[in-house]
Structures are given as C-alpha cells and as structure tokens.
Amino acid sequence: MLLGLTDLGLINLKLAPEYAEEQAKQAQVTGARPGGTTSAQASAQRPTATPGPSVAVAPPPRPTPTPEPPNTAPEPTATTSALPVVSVATATPPAPTAEPEPTPPPTKPTPPAVASGDKPAAVSDILFEIDSNLLTLSAKSTLDEVLKQLKANPSLRIHLRGHSDQLGSREHNLELSRKRAAAVENFFHANGIPHSRITTEAVGGMKPADASNTPTAWSLNRRVEIEWR
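Since the model is a prediction, treat every value here as computed from it, not as a measurement.

Before going further, it helps to examine the overall build of the chain. Tallying secondary structure elements over the chain gives 5 helices and 4 strands in all. The helix and strand sequence of the chain, counted from the amino end, reads α-α-β-α-β-α-β-α-β. Partitioning the intrachain contacts of the chain with sequence separation of at least 6 by distance along the chain shows that 75% fall at a separation of at least 24. Accessible area for the chain stands at about 17400 Å²; split by element, carbon and sulfur atoms hold 60% of it.

In structure tokens form, the structure reads like this:
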C-alpha cells in the first residue's frame, strides 16, 4: 500500500524479461501447445511486457510559512503631562551698608602745664628687684606719667638718685645704685628727653628709706628717687 506508482513501474520493467525467457524455455521443451499451437505461434501469442508508464513524482511541497498574526495592540502614544510652572523670584541682594568707623581708643588726658616756678606733684619711687637694675612693668607705668609732664613742660628738669639695700658690700651697692639710675635715665632718653634735662646720682645703701633691718625695709630701699628741678 505504501508503494507508489513509480515503484510499480520499475518492478514491471525488471520482471518482464525474466517472464518472457521462462515462457520460451517451456515452449522449447513441450513443442507445440495443445490445440495445434506452435512454438512460433505461442511465442507470438505471448504477451509482450510493456513498460509501465513513467510517472513523474512531484517534489514534496515546501511548508507554507504561517503568517504571524498582526499586532493589534494599540501603539503607545506619548502623553505629556503639563508640569506646574514655578516662578522663582530673584532675590535682590541688599545694598552694602557702610561699616561703622572704629572708635579710636581713649586718650589719656594731657597733664596741665606747670606755671614757671611751680613743680609737679612728687613722684613715687621706682622700685627694683633684689640685686637687679631692670625696670619692672609697674616702674615703667610710673615713668610714663613723668614723661608726659616733661613733654608738657619743656622747662622742667629731673634729678635721679639711685639707692640699694643694706645687703652686700659698700662698693657693690654703690655700683648697683648707679646702674639703677642709668636705667631710668635711658628710658627718658629713648622717649625723646635730652641729657641736658636729666642729672643722676648714686648713693648705694647710705640713705635708706627704711633703716630697719627687715625684708620689707630692704625692698623699699632698692629704689630710684625722681626729684623735679
């Protein structure tokens, strides 16, 4: 059932010569067929094998591609949502304000000029540390007040007298008192007071402010006196 027409035709072509040859051999053996049929007649009456009709086999049909179903989905449409427009107000920078001028430091009042023949108030003694001729901060503050008086009254002059305590040798104390008077004099020279307005003296421990032999008395005796002239 599965053989095609082409296969049947090929089988007939192969079997027809074999069948004819077999019939010829039987005719030669038996001679004439019963009923007066000769071998020639028998041969003539033998059916001739005719080749079967050649059937052209068509090639198998190619599979027809199945068309894809059309895309019926709706195409997305671009939608634009209106965004709220925010108006930003540009802040105007404030106008620059003038900075207040710095307040000048308060100036100390200038001491009044002293009338001719009058002298300013007495000046406190300039005290020193033990065995030293260096000016302390307290001593410089007192000398600043004296300097103002000298500048306000050009006719004023001063006399500086150096002292020491009773400790140490007489020669040492005398030299130390001289150095203390020179330290005060150099302060006034550095601030514009000429040498002509200043005189100095060194007495050592010979004229104590306090003659008691105590540490408190010694601290008061390490000094320079300033006298108005």
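When the pLDDT values of the chain are averaged, the result is 76; 55% of them are 70 or greater. Element-level pLDDT for the chain is lowest in helix α2 (residues 39-45), with a mean of 47, against a maximum mean of 98 in strand β2 (residues 158-162). Predicted confidence for residues 32-44 stays below pLDDT 50, and this span has 10 contacts to residues more than four positions away or in other chains.

Attention now goes to the side chain of Ser-177. Assignment of secondary structure puts Ser-177 in helix α4 (residues 170-190). The exposure class assigned to Ser-177 is buried, which follows from its relative accessible area of 0%. A distance of 2.7 Å separates the side chain of Ser-177 from the backbone oxygen of Leu-174, its partner in a polar contact. The residues contacting Ser-177, other than those within four sequence positions of it, are Gly-162, His-163, Ser-164, Ala-202, Val-203 and Gly-204.

On to the packing of aromatic side chains, then. Taken as a whole and judged by the stated rule, the model has 1 aromatic pair. Considering the side-chain rings of Phe-187 and Phe-188, the 5.6 Å spacing of their centres and the 75 degrees angle between planes classify their relative orientation as edge-to-face. With a relative accessible area of 15%, Phe-187 lands in the buried category. Judged by its relative accessible area of 0%, Phe-188 is buried.

This part covers the pairing of strand β4 (residues 223-228). By the bridge criterion, 2 bridges tie strand β1 (residues 126-127) to β4 in an arrangement that is antiparallel. The residue of β4 that forms the bridge with Leu-127 is Arg-223. Two elements, β2 and β4, share 5 bridges in a ladder whose sense is antiparallel. Looking across to β4, one finds that Arg-161 is bridged to Glu-225.

This next bit is on the sheet that holds β4. Here we have 4 strands laid out as an open sheet, ordered β1-β4-β2-β3, and mixed in their pairing. In this open sheet, the two edge strands, each paired with only one partner strand, are β1 and β3 (198-202). Docked against the sheet, helix α3 (residues 137-152) engages β1, β2 and β4, running at close to 15 degrees with respect to β4. Contacting β1, β2, β3 and β4, α4 crosses the sheet at an angle of about 165 degrees to β3.

Looking now at the packing of α3 against α4. Between α3 and α4, the shortest axis-to-axis distance is 11 Å and the interhelical angle comes to 50 degrees. Of the possible angle classes, the one that applies to α3 and α4 is oblique. In the crossing of α3 with α4, the sense of the turn from one axis to the other is right-handed. On α4, the residues that touch Lys-140, Leu-143, Asp-144, Val-146, Leu-147 and Leu-150 of α3 are Val-184, Phe-187 and Phe-188. Class assignment for the residues of the contact of α3 with α4 results in 7 nonpolar, no polar and 2 charged.

The next subject is unusual backbone geometry. Positive phi values are uncommon outside glycine, yet Asp-131 reaches one of about 55 degrees. Mapping Asp-131 onto the fold places it in the loop between β1 and α3.

Burial runs high along β2: 5 of the 5 residues are buried. By the alternation rule, side chains of β2 split into Ile-158, Leu-160 and Gly-162 and His-159 and Arg-161, which are all buried. As paired elements, β2 and β3 share 5 bridges and run parallel to each other. Along β3, the bridge assignment pairs Leu-160 with Thr-200.

In a regular helix each residue adds 1.5 Å, so 21 residues correspond to 30 Å; α4 covers 31 Å between its end C-alpha atoms and thus fits that length. Taken together, the buried positions of α4 are occupied by Asn-173, Leu-176, Ser-177, Arg-180, Ala-181, Ala-183, Val-184, Glu-185, Phe-187, Phe-188 and His-189. Elements in contact with the buried residues of α4: β1, α3, β2, β3 and β4.

Rules and cut-offs
- Residues numbered from 1 in each chain as written.
- Predicted model: local features only at pLDDT ≥ 70, side-chain atom pairs only at ≥ 80, totals over all residues.
- Heavy atoms only, no water.
- Helix = DSSP H or I, 4+ residues; strand = E, 2+ residues; numbered from the N terminus.
- Contact = heavy atoms within 4.5 Å.
- Areas by Shrake-Rupley, 256 points an atom, 1.4 Å probe, with all protein chains shown as cover.
- pLDDT = per-residue confidence, 0-100.
- Buried < 20%, exposed > 50% of the residue type's maximum accessible area, 1.4 Å probe, protein only.
- Polar contact = N/O pair within 3.5 Å; in protein donor to acceptor, adjacent residues only side chain to side chain.
- Phe/Tyr/Trp six-rings, centres within 6.5 Å; stacked < 30°, edge-to-face > 60°.
- Pairing = 2+ DSSP bridges.
- Axes fitted to C-alpha atoms, helices over the stretch in contact; angles between N-to-C directions.
- Parallel < 35°, antiparallel > 145°, perpendicular 65-115°, else oblique.
- Left-handed = near helix turned anticlockwise from the far one by under 90°.
- Nonpolar A, V, L, I, M, F, W, Y, C, P; charged D, E, K, R; others polar.
- Expected span 1.5 Å × (residues − 1).

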